[in-house]
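Given next are the chains, with one letter for each unit.
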Amino acid sequence: MQLGLIGLGKMGGNMRERIRRAGHTVIGYDRNPDVSDVASLAELVDKLEAPRTVWVMVPAGAATQSVIDELGGLLQSGDTVVDGGNSRWTDDEKHAAELGARGIGFVDAGVSGGVWGLKNGYALMVGGDKEHVDRLQPIFDALKPEGPYGYVHAGKVGAGHFSKMVHNGIEYAMMQAYAEGWELLEKIGSVENVREVFRSWQEGTVIRSWLLDLAVSALDDDEHLDRLRGYAEDSGEGRWTVEAAIDNAVPLPAITASLFARFASRQEDSPQMKMVAALRNQFGGHAVESAKE
């Protein structure tokens, strides 16, 4: 299958490589000419055979809207656009309507896998009409992990990004729990090897997870996280999750508290946020701030 891919950053670049390894043709465009296969969106569309499929992997909000607007003027009826970035689900309905008026299909795909996706595959949560989703199945199969799990057609347009948003909200709370436990262990003098306590949890316990594995990896790099500042950004999806909970009267005390803890990290050097920052760097390659001398 042939695919146009817009945005070749930390995730998009690896996705291009994984899809190519599965035997598909990928034509990529990025503002960075060093990684781009073509010089413009117009050239990308021109090189694709109809019916075209274009996958967008750019930051949510204005950047995505700009790309959608440009594609709307370049693509033709029967083509399909996939938004695989972290867009807000309410934007998906708007984009689907805008493109649908021109006969262009729209699919939203929540993508999880971070910098490890090239090797391990990407978990995909997809929203959109069945006819559009089915047409893209070979690409989804190339990106997903091996085995029966890691892909779901979650429902209508917006369902993919809504599911990914909730996934990220849960991720916030899990990271916060590991961070709080780590800080408490570090405070107690009788616990002399906190890193090995974390490592011992990797097998045979109910809290084992990939995040725990990444926490151990971070502690192997910097045993007491002394090189990190206790500061963690939020991607926006934690906020959207809490807002959706308010709109639907669903109590989310753990997820809400984990979001607020990140806000607190920007007011002082938080030990817990050192672990959260380390985890975000491990799974997603997100930037960290060094501790001040």
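In case you missed it, the structure is sitting above this.
Throughout what follows, the structure given in this document is the object of discussion. Note that residues are indexed from 1 along each chain, following the sequence as it is written. Selection of residues for local features in this predicted model requires a pLDDT of at least 70, selection of side-chain atom pairs for listing and counting requires 80 or more, and totals for whole chains, interfaces and linings are taken over all residues. Here the side-chain values reflect all heavy atoms present in the structure, with hydrogen atoms and water set aside.

**With respect to the overall build of the protein chain**
- A helix here means a DSSP run of H or I that spans at least four residues, while a strand means a run of E at least two residues long, and both kinds are numbered starting from the N terminus. In terms of helices and strands, the protein chain carries 13 helices and seven strands.
- The C-alpha atoms of the protein chain give 20 Å as radius of gyration, which agrees with the globular expectation for 293 residues (19 Å, within 12%).
- Of all 293 residues assigned to the protein chain, the portion counted as buried reaches 48%.
- Residues count as neighbours in contact if any of their non-hydrogen atoms are within 4.5 Å of one another. Counting only contacts in the protein chain whose residues sit at least 6 apart along the sequence, the fraction spanning at least 24 positions is 69%. Put simply, the radius of gyration uses C-alpha atoms, and a globule should come to 2.2 Å times the residue count raised to 0.38. Only protein chains enter the accessibility calculation, which uses a 1.4 Å probe; a residue is then buried when its area is under 20% of its type maximum, exposed when over 50%, and partly exposed in between.

**Quick notes on a nonpolar patch on the surface**
- Patch membership requires over 30% relative accessible area and the absence of a salt bridge. Like charges are linked within 9 Å, and nonpolar side chains (Val, Leu, Ile, Met, Phe, Trp, Tyr) within 5 Å. A 1.4 Å probe and the Shrake-Rupley method give the accessible areas. Residues count as covered only by the protein chains that appear here. Any carboxyl oxygen of Asp or Glu within 4 Å of a side-chain nitrogen of Lys or Arg constitutes a salt bridge here. On the surface, a nonpolar cluster with roughly 270 Å² of combined accessible area is contributed by Val115, Trp116 and Trp210.
- Here Trp210 lies in helix H10 (residues 210-221).
- The class of Trp210 is partly exposed, set by a relative accessible area of 42%.

**A short note on the packing of aromatic side chains**
- Classification of ring pairs rests on two measures: the distance between centres of Phe, Tyr or Trp rings, Trp counted by its six-membered ring, which must be within 6.5 Å, and the angle between planes, read as stacked under 30 degrees, edge-to-face over 60 and tilted in between. Counted by the stated rule, this structure contains five aromatic pairs.
- Taking the centre distance of 5.0 Å and the plane angle of 90 degrees together, the rings of Trp89 and Phe162 count as edge-to-face. In this pair, Trp89 is assigned in helix H4 (residues 89-100) and Phe162 in helix H8 (residues 159-187), connecting sequence segments 73 residues apart.
- Ring centres of Phe260 and Phe263 lie 5.8 Å apart, and the angle between their planes is 25 degrees; on these two criteria the pair is classed as stacked. With Phe260 and Phe263 both in helix H12 (residues 253-265), this residue pair falls three residues apart, about one helical turn.
- Its relative accessible area of 28% is what places Phe263 among the partly exposed residues.
- Taken together, the ring pairs in this structure connect Trp55, Phe140 and Tyr151 into an aromatic cluster.

**Structural notes on H12**
- If you check H12, its first and last C-alpha atoms are 18 Å apart, about what 13 residues at 1.5 Å a residue would give, namely 18 Å.
- Buried residues of H12: Ile255, Ser258, Leu259, Ala261, Arg262 and Ser265, and no others. Viewed along the axis of H12, the buried residues span an arc of 155 degrees, placing them on a single side of the element.
- The inward-facing, buried residues of H12 contact H8, helix H11 (237-247) and helix H13 (271-284). The span one expects for a helix is its residue count, reduced by one, times 1.5 Å. Arc, as used here, means the arc of the directions from the helix axis to the C-beta atoms.

**Quick word on the sheet that holds strand S2 (residues 25-29)**
- Read across the open sheet, the seven strands follow the order S2-S1-S3-S4-S5-S6-S7; overall the sheet is mixed. The strands lining the two open edges of the sheet, one partner per strand, are S2 and strand S7 (151-155). Between one strand axis and the next, the sheet turns through 25 degrees on average, direction left out of account.
- Paired strands, as defined in this entry, are two strands with at least two bridges between them according to DSSP. Two strands pair when backbone bridges link them, and strand S1 (residues 2-6) and S2 are joined in this way by five bridges, in the parallel orientation. What sits directly across from Leu3, in S2, is Val26.
- Where H8 meets the sheet, its contacts fall on strand S4 (80-83), strand S5 (105-112), strand S6 (123-127) and S7, and the angle it forms with S5 comes to roughly 15 degrees. Here an angle of 0 to 180 degrees is reported between the N-to-C directions of two axes, which are lines fitted to C-alpha atoms, with helices fitted over the stretch in contact.

**With respect to the pattern of salt bridges**
- Using the criterion set out here, one finds 17 salt bridges in the structure.
- For Arg88, the salt bridge goes to Glu243, with nearest N and O atoms at 2.7 Å. You can see Arg88 sitting in the loop between S4 and H4 and its partner Glu243 sitting in helix H11, a full 155 residues away along the chain.
- Two residues, Arg195 and Asp220, come together in a salt bridge whose shortest N-O distance is 3.9 Å. Residue Arg195 is located in helix H9 (residues 194-200), and its partner Asp220 is located in helix H10; the two are separated by 25 residues in the primary sequence.
- For Asp220, a relative accessible area of 38% corresponds to the partly exposed category.
- Salt bridges sharing partners connect three or more residues here, namely Arg195, Glu196, Arg199, Asp220 and Glu223.

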